[in-house]
Amino acid sequence: MAMADATIPDVRDAVRADGVALAAALVTVALWASAFVGIRDAGAELAAGPLSLGRLLVGGALLGALVLRRREALPPRADVPRLLLVGLLWFAAYNVILNSAEHRVDAGTAAMLVNIGPVFIALLAGLLLREGFPRTLVAGCAIAFAGAIVIGLATREHSVDAARGAALCIAAAAAYAGGVVAQKPLLERTSGLQVTFLACMVGAFACLPYAPELVRETRAASTTALAWTVYLGVFPTAIGFTTWAYALRRTTAGRMGATLYLVPPVAVVLGWAVLGEAPPALALAGGALCLVGVVVARRG
């Protein structure tokens, strides 16, 4: 009985920790879904590169203040190359590519296409981590890419430029997947806050060539566009990426991928409520196929 009683606090602690990780993941879902709307609205006045740089500078400033206050330890030198990869892929390339895509497609369509990222994560794990390619993974990839093709056809009916936007969303998903695969091992040795801050600063440094354009565009931008830029830096970047890292460190990649299935429907609802736009009906069907494909692939 004594041994059984002793395990009860351990079980409660585990359940509590799992609940906190889930709450952090849901915060990430809500903030990242709102980012698609913010990017779409601010993108009417700010180009892809300047918007990325502005967002990362705001997020980096807030994260840097938190890191200094908490006196977070630096990662080991051996992790620096991987950290640079996270910053370049996820914070620089992903942001610039996604911002460019949302000049061409609505927020909901972008969210649906980017959410095939977990499929790319599974493929990268099979190639780089030698986890293999089970049948469910292959089937899920086929379904998800079929959904992406349907979305591409739906957007192409509107314009060739929209079809290019759909292709850019898929490229953004690939960059995001590479960032996730590179980030996971870092969290075993360094806090999620520190990893997020350093990766954010790497991304900001990579986007510095857009600084003159950012200064020029912000002078002419409306208060709404500037407010969205600050929002993107504080909430989806500083807070959203930190809660993501917190949850990823405490749960499996599969569970985290499952929670991200909620991003597209939330983004579609927010896009309709805030911007008054929604994806074409055929694109919604393609988005459903993408989600089914991701679910099947992650089961493998």
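In what follows, the structure referred to is the one given above.
Residues numbered from 1 in each chain as written. Predicted model: local features only at pLDDT ≥ 70, side-chain atom pairs only at ≥ 80, totals over all residues. Heavy atoms only, no water.

Some words on the pattern of salt bridges
The line we're drawing: What makes a salt bridge here is a side-chain nitrogen of Lys or Arg within 4 Å of a carboxyl oxygen of Asp or Glu, nothing more. Runs of E in the DSSP output that reach at least two residues are strands. Runs of H or I that reach at least four are helices, and both are numbered from the N terminus. Burial here depends on accessible area, computed with a 1.4 Å probe over protein chains only, as a share of the maximum for the residue type. Under 20% is buried, over 50% is exposed, and the range in between is partly exposed.
For the structure shown, the criterion picks out four salt bridges. The closest approach of N and O atoms between Glu-277 and Arg-40, which form a salt bridge, is 3.2 Å. With Glu-277 in the loop between helix H12 (263–275) and helix H13 (281–299) and Arg-40 in helix H1 (residues 2–42), this pair connects stretches of sequence that are 237 residues apart. A relative accessible area of 19% means that Glu-277 is categorised as buried. Residue classification places Arg-40 among the partly exposed residues on the basis of a relative accessible area of 24%.

Quick look at the side chain of Thr-28
Stated precisely, the cut-off is as follows: Residues adjacent in sequence count toward polar contacts only when both atoms are side-chain atoms; beyond that, a polar contact is any pair of N or O atoms within 3.5 Å, and within protein one must be able to donate a hydrogen and the other to accept it. A contact between two residues is defined here by any heavy atoms of the two lying within 4.5 Å.
Relative to the helices and strands, Thr-28 is located in helix H1. With relative accessibility at 1%, the residue Thr-28 sits in the buried group. Reaching out from Thr-28, the side chain makes a polar contact with the side chain of Thr-243 at a distance of 2.6 Å. Here the side chain of Thr-28 touches Trp-244 through a polar contact of 3.1 Å, landing on its backbone nitrogen. Setting aside anything within four residues of it in sequence, one finds Thr-28 in contact with Gly-240, Thr-243 and Trp-244.

Quick notes on H12
How we decide: To estimate the expected span of a helix, subtract one from its residue number and multiply by 1.5 Å. Note that the arc is computed from the directions linking the helix axis to the C-beta atoms.
Taking 1.5 Å per residue, 13 residues should reach 18 Å; H12 reaches 17 Å between its end C-alpha atoms and fits that length. Inspection of H12 places Val-263, Pro-264, Ala-267, Val-268 and Gly-271 among the buried residues, and these make up the whole buried set. One face of H12 carries all of its buried residues, which in axial projection span an arc of 130 degrees. Turned more than 90 degrees off the buried face of H12, the exposed positions are Val-269, Trp-272 and Ala-273. Taken from the residues just after H12, Gly-276 is the one with a positive phi, measuring 70 degrees.

Side note on the nonpolar core
We count it as follows: Residues belong to a common nonpolar core when they are buried Ala, Val, Leu, Ile, Met, Phe, Trp, Tyr or Cys residues joined through side-chain atoms within 4.5 Å.
Judged by nonpolar contacts, the single largest core of 75 residues is most densely connected at Phe-36, Trp-90, Phe-91, Tyr-94, Leu-98, Val-114 and Tyr-176. At 11 residues, the largest contribution of residues to this core is made by helix H7 (residues 160–183). In this view, Val-114 contacts Phe-36, Tyr-94, Leu-98, Cys-169, Ala-172, Ala-173 and Tyr-176; residues no more than four positions away in its chain are not counted.

A look at unusual backbone geometry
Even without being glycine, Arg-71 reaches a positive phi, approximately 55 degrees. With respect to the element layout, Arg-71 can be found in the loop between helix H2 (48–70) and helix H3 (80–101). The exposed category is assigned to Arg-71, whose relative accessible area is 76%.

Description of the packing of aromatic side chains
The condition that has to hold: Each aromatic pair joins two rings of Phe, Tyr and Trp (for Trp, the six-membered one) with centres within 6.5 Å, and gets the label stacked for planes under 30 degrees apart, edge-to-face for over 60, and tilted for any other angle.
In total, this model carries 11 aromatic pairs according to the counting rule given. Here the aromatic rings of Trp-228 and Tyr-231 are separated by 5.5 Å at their centres, their planes lie at 85 degrees, and the arrangement is edge-to-face. Taken together, the positions of Trp-228 and Tyr-231, both in helix H10 (residues 223–250) and three residues apart, correspond to about one turn of that helix. According to the relative accessible area criterion, Trp-228 is buried, its value standing at 17%. Classification of Tyr-231 by relative accessible area gives partly exposed; the value is 23%.

Description of the packing of H2 against H3
The following threshold applies: All axes here are fitted lines through C-alpha atoms, helices being fitted over the stretch that makes contact, and every angle between N-to-C directions spans 0 to 180 degrees. By definition in this entry, angles of less than 35 degrees are roughly parallel, angles greater than 145 are roughly antiparallel, angles of 65 to 115 are roughly perpendicular, and the rest are oblique. Note: crossing handedness is left-handed where the near helix turns anticlockwise from the far helix by less than a right angle, and right-handed where it turns clockwise. Residues are sorted three ways: Asp, Glu, Lys and Arg are charged, Ala, Val, Leu, Ile, Met, Phe, Trp, Tyr, Cys and Pro are nonpolar, and all the rest, Gly among them, are polar.
Between H2 and H3, the shortest axis-to-axis distance is 8 Å and the interhelical angle comes to 135 degrees. Between H2 and H3, the interaxial angle falls into the category oblique. Handedness of the H2/H3 crossing: right-handed. Residues Ala-48, Gly-49, Leu-51, Ser-52, Arg-55 and Leu-56 of H2 lie in contact with H3, whose contacting residues are Phe-91, Asn-95, Val-96, Asn-99 and Ser-100. Of the residues belonging to the contact of H2 with H3, the class tally is five nonpolar, five polar and one charged.

Observations concerning the packing of H3 against helix H8 (residues 192–206)
Where H3 contacts H8, the axes come no closer than 8 Å and their chain directions differ by 65 degrees. Comparing their axes, H8 and H3 come out roughly perpendicular. Like other packed secondary-structure pairs, H3 and H8 cross with a definite hand, here right-handed. Here Leu-83, Leu-84, Val-86, Gly-87, Leu-88, Phe-91 and Ala-92 of H3 lie close against H8, whose contacting residues are Val-195, Thr-196, Leu-198, Ala-199, Cys-200, Val-202, Gly-203 and Ala-206. Among the residues forming the contact of H3 with H8, the class breakdown is 12 nonpolar, three polar and no charged.

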